[in-house]
Amino acid sequence: MKFTQVFIPTLKEAPKDAETVSHKLLFRAGLIRKLSSGIYSYLPLGLRSIQKISAIIRQGMSRWGAQEVLMPLVIQKELWEESGRWQAYGKELLRFQDRHEKWFTIGPTHEEVIVDIVRNEAKSYRQLPLNLYQIAPKFRDEIRPRFGLMRGREFIMKDGYSFDMDEEHANKTYGQMYDAYSWIFRQCGLNFRAVEADTGTIGGKFSHEFMVLANTGEEAIVSCDACGYAANVEKAEIGYRQSAADGGGTSKPQKVPTPGRYSVEDVSAFLHVAPKGIIKTMIVKAGNEFVAALVRGDRELNLLKLKSVLGADDIGLASDAECPGLTGAHVGSIGPVGLKLKIIADTELRYIRDAVTGANEDDFHYTGVTPGSDFVPAMFADIRNAVRGDACPRCSKPMGITRGIEVGHIFKLGTKYSVRMHAEFLAEDGKSRPFVMGCYGIGVGRTLAAAIEQNNDNDGIIFPLTISPYEVALVAINMKDSVIADAAGAIYDTMLDRGLDVIYDDRDISPGMKLKDADLIGFPIRVVIGSRFKKEDLMEIKIRKTGEVVTSTRQDLFEKLSAIRRGLLL
RNA sequence: CGGGGCGUGGCUCAGCCUGGUAGAGCGUUCGGUUCGGGACCGAAAGGUCGGCGGUCCAAAUCCGCCCGCCCCGACCA
């Protein structure tokens, strides 16, 4: 394609509402434009990149046994009532009526539709497994859309659903999708990690999030370089290592006044005790029960972990007003000694000695408190967030923390939807059974945004070869110079003949603009035809990623280009 | 939904406090020079100042309501 034939509105400055790097660059490089909050148009270059990502997804899905379908965008209320989600989904579900005042939604996800299709058509185990997916726009009325393509309201998503006859087969399918996803993101040229994730309210046993590693990512990932364990920080287990000898403390609890010191930080400074020598006590309401959760002063309580430890449906911190009645003190002076509530202590506290805790009396703390002798927790459990340096639960080596952007998520759904929606098949033994399902999503637009978030510099995007709108940018430095223009035109034609994915910048503008634009858009390979071509018959090939420049004669050009191309695919 | 901010040519923004002729840079168009990192000279086009209402002789500017957008928070199968 010629630059003059493509609609590429590049911008020198980013609009002020663009906050993240990817949002700014997507905008400045002319890949997208905003229509409304969280709603974007894809311009030619953006679409091209989206299509390349989609093509890779299709290849991967097909290779691991999934088939593409296309489901309706608009779905009637009745189907969503069958699964119970018309009520449960909340305001993210866009609901509207047609002229007959019949209610519909624009699907944010398609479990209901796919289950309806499969339950009507697949009656026998002989028809299983079925693994169907689509690539289509979705709509979720997010409370706060942000970061451009990263969290839009309308977005392109690949959503897939599998139907198996039993757990064993479903697990196998899950494994295949795991492999397919790993292959897909590798093909996209992304640095990513598959992490164990919380299954959320959807339940189920397995869930992995595929995270593109980027400093600006929204999610924290805990990972172990030694054994490859990786998990969302919400979920990451901690392999404790004993950090102190067993045995009692050396002193008895002593009550000391700590006027006006209610935070770990203030108490730490006032009593000259490090935060790790303090036991932080939080009152948590789990279902209808109140419990005290204890973590070291320098740690954060993880409510999700506590929730699963307690087996509670619902969990949250008790309000400031509820605490005095339960403990005798306000938040900031609460502690485990003499407390009448059930106490859950973080495992790490097994090894703390002579610690500082609240005294359950406003403006007083105890020093010299040792768990086991001065108070007895109902149990020790892993209830805190993992931090850098914590031991890996698998191999005990120290783990690191990186940030990531969730681009894919695979779930083993089980029979939740098939049971609710009466989706059953006849098994080999002649009995009716619900399908065992899995669901698998990839945010296509988000993958593009994440790729940019991960690969950019001050000049612009650095596209991975496989998802770049064009692989090669051919730049003629001066279109008014007929020697250069003619040569460039001829080389462009040859490139097309050879099947290269090339865009030819044939605009009659200053060289600076062309070069800036090429860097901004981030074409992986740039071929420049300029003064050196006139003088020495040489053209210049520049690799965007490394900045490396090689010169080439016309004869060697294609050989060199394919070598560079191969190098970029590694 | 709670808190904060913004809305002025296509983009970035000044002007508003203290009411009186609507501005700059970039971009665009035309002419010329230039041609390896957003080049230069000259000319030009382009604005219901988010909308409605109010105060006033007079409103981009002051007041009220509404709309839109952004940021922080809660939320996120």
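Residues numbered from 1 in each chain as written. Chains lettered and ligands numbered in written order. Predicted model: local features only at pLDDT ≥ 70, side-chain atom pairs only at ≥ 80, totals over all residues.

Colleague: I keep staring at the domain arrangement of chain A and nothing clicks. Help me out?
Modeller: One frequent convention defines the size of an interface as the accessible area lost when the parts assemble. Domain annotation of chain A identifies domain 1 (51–71 + 108–237 + 402–452), domain 2 (254–381) and domain 3 (470–569). Centre-to-centre separation of domain 1 and domain 2, based on C-alpha positions: 39 Å. (Domains from an automatic or database assignment.)

Colleague: What is the right way to read the sheet that holds strand β13 (residues 254–257) from this model?
Modeller: Hydrogen bonding along the main chain pairs the strands of a sheet, whether they run parallel or antiparallel. One open sheet holds the three strands; their spatial order is β13-β19-β18, and the pairing between them is antiparallel. In this open sheet, the two strands that pair with only one neighbour each are β13 and β18 (355–358). If you compare each strand with its neighbour and ignore which way they point, the axes differ by 35° on average. Relative to strand β19 (residues 364–369), β13 runs antiparallel, the two sharing four bridges. Looking across to β19, one finds that Lys 255 is bridged to Tyr 366. (Pairing = 2+ DSSP bridges. Helix = DSSP H or I, 4+ residues; strand = E, 2+ residues; numbered from the N terminus. Axes fitted to C-alpha atoms, helices over the stretch in contact; angles between N-to-C directions.)

Colleague: Could you clarify how one ought to interpret the sheet that holds strand β14 (residues 279–286) in this entry?
Modeller: Sheet architecture is open: five strands sit in the order β16-β14-β15-β17-β20, paired in mixed fashion. Because the sheet does not close on itself, it has two edges, and the strands there are β16 (315–317) and β20 (379–381). Taken over all neighbouring pairs, the strand axes of this sheet differ in orientation by 35° on average, direction set aside. Relative to strand β15 (residues 289–296), β14 runs antiparallel, the two sharing eight bridges. Within β15, the residue paired with Lys 280 across the bridge is Val 295.

Colleague: Explanation requested: the packing of helix α2 (residues 44–63) against helix α11 (residues 444–454) in the structure shown.
Modeller: Between two packed helices, the angle of one axis relative to the other and the distance separating the axes together describe the packing. Viewed as axis vectors pointing N to C, α2 and α11 meet at an angle of 110°, and their least axial separation amounts to 10 Å. Put simply, α2 runs roughly perpendicular to α11. Contacts between α2 and α11 pair Ser 49, Ile 50, Ile 53 and Ser 54 from the former with Val 444, Gly 445, Thr 447 and Leu 448 from the latter. Each residue belonging to the contact of α2 with α11 can be placed in one class, and the counts come to four nonpolar, four polar and no charged. (Parallel < 35°, antiparallel > 145°, perpendicular 65-115°, else oblique. Contact = placed C-beta atoms within 7 Å. Nonpolar A, V, L, I, M, F, W, Y, C, P; charged D, E, K, R; others polar.)

Colleague: Whenever I open this one, helix α15 (residues 557–569) confuses me. Can you help?
Modeller: Since there are 3.6 residues in each turn of an α-helix, residues three or four apart along the chain are aligned in direction. For α15, built from 13 residues, the straight-helix expectation of 18 Å at 1.5 Å per residue is met to within 8% by its first-to-last C-alpha distance of 18 Å. The complete set of buried residues in α15 reads Leu 561, Ile 564 and Leu 568. With its buried residues spanning 65° around the axis, α15 presents them on a single face. Exposed side of α15, more than 90 degrees from the buried face: Glu 559, Ser 562, Arg 566 and Leu 569 are the residues found there. Those residues of α15 that are buried are in contact with β29 (525–529) and β30 (539–543). (Expected span 1.5 Å × (residues − 1). Buried ≥ 20, exposed ≤ 12 C-beta atoms within 10 Å, placed from the backbone. Arc of directions from axis to C-beta.)

Colleague: How should I be thinking about the nonpolar core in this particular structure?
Modeller: Nonpolar side chains tend to gather and get buried jointly when the protein is soluble and globular. In terms of nonpolar packing, the biggest core is built from 113 residues, with Leu 26, Val 472, Leu 474, Val 475 and Ile 529 touching the most fellow members. Considering each element in turn, this core owes the most residues, seven residues, to helix α6 (residues 167–187). Split by domain, the residues of this core number at least three in each of domain 1 (51–71 + 108–237 + 402–452) and domain 3 (470–569). The residues contacting Val 475, other than those within four sequence positions of it, are Asp 505, Lys 514, Leu 515, Ala 518, Arg 526, Val 527, Val 528 and Ile 529. (Core = buried A, V, L, I, M, F, W, Y, C linked by C-beta atoms within 7 Å.)

Colleague: Looking at this model, I keep getting lost on unusual backbone geometry. Mind explaining?
Modeller: Most peptide bonds take the trans configuration, and most residues that are not glycine carry a negative phi. With an omega of 0°, the peptide bond between Leu 128 and Pro 129 qualifies as cis. When you line up the elements, Pro 129 lands in the loop between α5 (111–121) and β7 (130–139). For His 422, which is not glycine, the phi torsion reads 50° and is therefore positive. Mapped onto the secondary structure, His 422 falls in the loop between α10 (416–420) and β22 (424–426). On the neighbour-count criterion, His 422 (11 C-beta atoms within 10 Å) is exposed.

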